[in-house]
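# Observations on the model geometry
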Amino acid sequence: MRATASLFLLLGLLASGPFALSQRYGHLLHQQLTEADLRYMPANELNVLKNEIIALGSAETKVLSDRDRANLALIAAMKIENASSECSDSDLLAVFHQLAEQGHSMPIHLAEKFYGVALNPEMEPYQKVIPLSEDLLGFWVPYFPSDCDICPYQNHFSIVNRHTGERTATLETEGLLHLREDNVIEINALHLLANDAATQPAYYQILDNGQLISVEQQVVRLEPRD
């Protein structure tokens, strides 16, 4: 009876498709992972990644590829390595801060914990750290397609409490981002008008508590701590 129930559960998961199984780490499931990618990732997150690799491989090809098996072996090894080097949120933030300042490769767990998104490897050199106050740090990651001359910048901007590591707000927007006086973010979005182009600025205020509001005093997007 237990085996039958487990079979129906597995069939139900597969019937929902790989998209339902790979929402958290779907951007990683078709790449060869490295130790640098998985450094600092806790065991529970490594287990999620492992399960998604197995589920997607089973759903797509019925047999795990050599790449999938290598990734699973690496995950097993990193569960042991990371368990012996557990860090507090403030310790992780210090590492994240240093890597962001130097434009270095960012481990998956640190990028998702503090940026709130996976970091495009092409954009790693363009990470920017923006000190906002004694309590807050701003982190900006732009994205600009290299094969498009008129495409607008896409920006990911996050605000993190430098003492606790809490991510207090995140802003996703298009346009050229500029931090003005009094911690006001100015976004100049590109609008194509007939054969001409113009910019239309939008403004967001960074509050002392780390929240973001538009100039109309409407909350942009708040990210609760996991």
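Above: the structure in question.
What counts as what
- Residues numbered from 1 in each chain as written.
- Predicted model: local features only at pLDDT ≥ 70, side-chain atom pairs only at ≥ 80, totals over all residues.
- Heavy atoms only, no water.
- Pairing = 2+ DSSP bridges.
- Helix = DSSP H or I, 4+ residues; strand = E, 2+ residues; numbered from the N terminus.
- Axes fitted to C-alpha atoms, helices over the stretch in contact; angles between N-to-C directions.
- Contact = heavy atoms within 4.5 Å.
- Salt bridge = Lys/Arg side-chain N within 4 Å of Asp/Glu carboxyl O.
- Buried < 20%, exposed > 50% of the residue type's maximum accessible area, 1.4 Å probe, protein only.
- Lys, Arg positive; Asp, Glu negative; His and termini not counted.
- Polar contact = N/O pair within 3.5 Å; in protein donor to acceptor, adjacent residues only side chain to side chain.
- Core = buried A, V, L, I, M, F, W, Y, C linked by side-chain atoms within 4.5 Å.
- Expected span 1.5 Å × (residues − 1).
- Arc of directions from axis to C-beta.

Here we come to the sheet that holds strand β2 (residues 136-143). Ordered in space as β1-β2-β3-β4, the 4 strands form an open sheet in which the pairing is antiparallel. Edge positions in the sheet fall to β1 (128-131) and β4 (167-174), since each of these pairs with one other strand and no more. On average, adjacent strands in this sheet sit at an angle of 20° to one another, irrespective of strand direction. Sheet topology note: the strand β3 (residues 154-161)/β4 ladder contains 7 bridges and is antiparallel. Of the residues in β4, the one forming a bridge with I159 is A169. In the packing of helix α6 (residues 89-102) onto the sheet, contacts are made with β1, β2 and β3, and the angle to β2 comes to roughly 45°. This element, helix α7 (residues 108-115), spans β2, β3 and β4 of the sheet and lies at about 90° to β4.

Pairs can form between side chains of opposite charge whenever their charged atoms are close. Applying the stated criterion to the full structure yields 5 salt bridges. Measuring nitrogen to oxygen at the nearest pair gives 3.3 Å for the salt bridge that ties D89 to K113. Here the residue D89 occupies a position in helix α6, and K113 occupies one in helix α7, the gap between them amounting to 24 residues. For E186, the salt bridge identified is with R180, shortest N-O distance 3.0 Å. Note on R180: relative accessible area 42%, which makes it partly exposed.

Attention now goes to the side chain of D37. Within the secondary structure, D37 sits in helix α3 (residues 35-38). This buried residue, D37, is left without a salt bridge; R39 holds the nearest opposite charge, at 8.9 Å. A polar contact is formed between the side chain of D37 and the backbone nitrogen of T34, at a distance of 3.0 Å. Non-local contacts of D37, meaning those with residues more than four positions away in its chain, are made with Q31, Q32, P107, I108 and H109.

Let's shift gears to the nonpolar core. Note on soluble globular proteins: their nonpolar side chains tend to be buried together. In terms of nonpolar packing, the biggest core is built from 17 residues, with F96, M106, L110, F114, Y115 and F139 touching the most fellow members. Put simply, the parts of the chain that give this core at least two residues each are α6, α7 and β2. Tallying contributions element by element places α6 first for this core, with 5 residues. Those residues in contact with Y115 that sit more than four places away from it in its chain are F96, A100, M106, L110, Q127, F139, V141, H156, S158, R167 and T170. Of all hydrophobic cores here, the second largest spans 15 residues; its members include L29, L46, L49 and I75.

Bringing α6 into the picture now. Counted at 1.5 Å a residue, the expected span for α6 with its 14 residues is 20 Å, and the 20 Å between its end C-alpha atoms agrees. Within α6, the full set of buried residues consists of L92, L93, F96, L99 and A100. Axial view of α6: buried residues confined to an arc of 130°, hence all on one face. The inward-facing, buried residues of α6 contact α7, β1, β2 and β3. In the stretch just after α6, G103 is the one whose phi turns positive, near 65°.

Note on backbone geometry: most residues besides glycine have negative phi, and most peptide bonds are trans. If you check the backbone angles, Y40 has positive phi at about 75° while not being a glycine. Following the sequence through the fold, Y40 ends up in the loop between α3 and α4 (43-60). For N183, which is not glycine, the phi torsion reads 55° and is therefore positive. Here N183 lies in the loop between β5 (176-180) and β6 (184-193).

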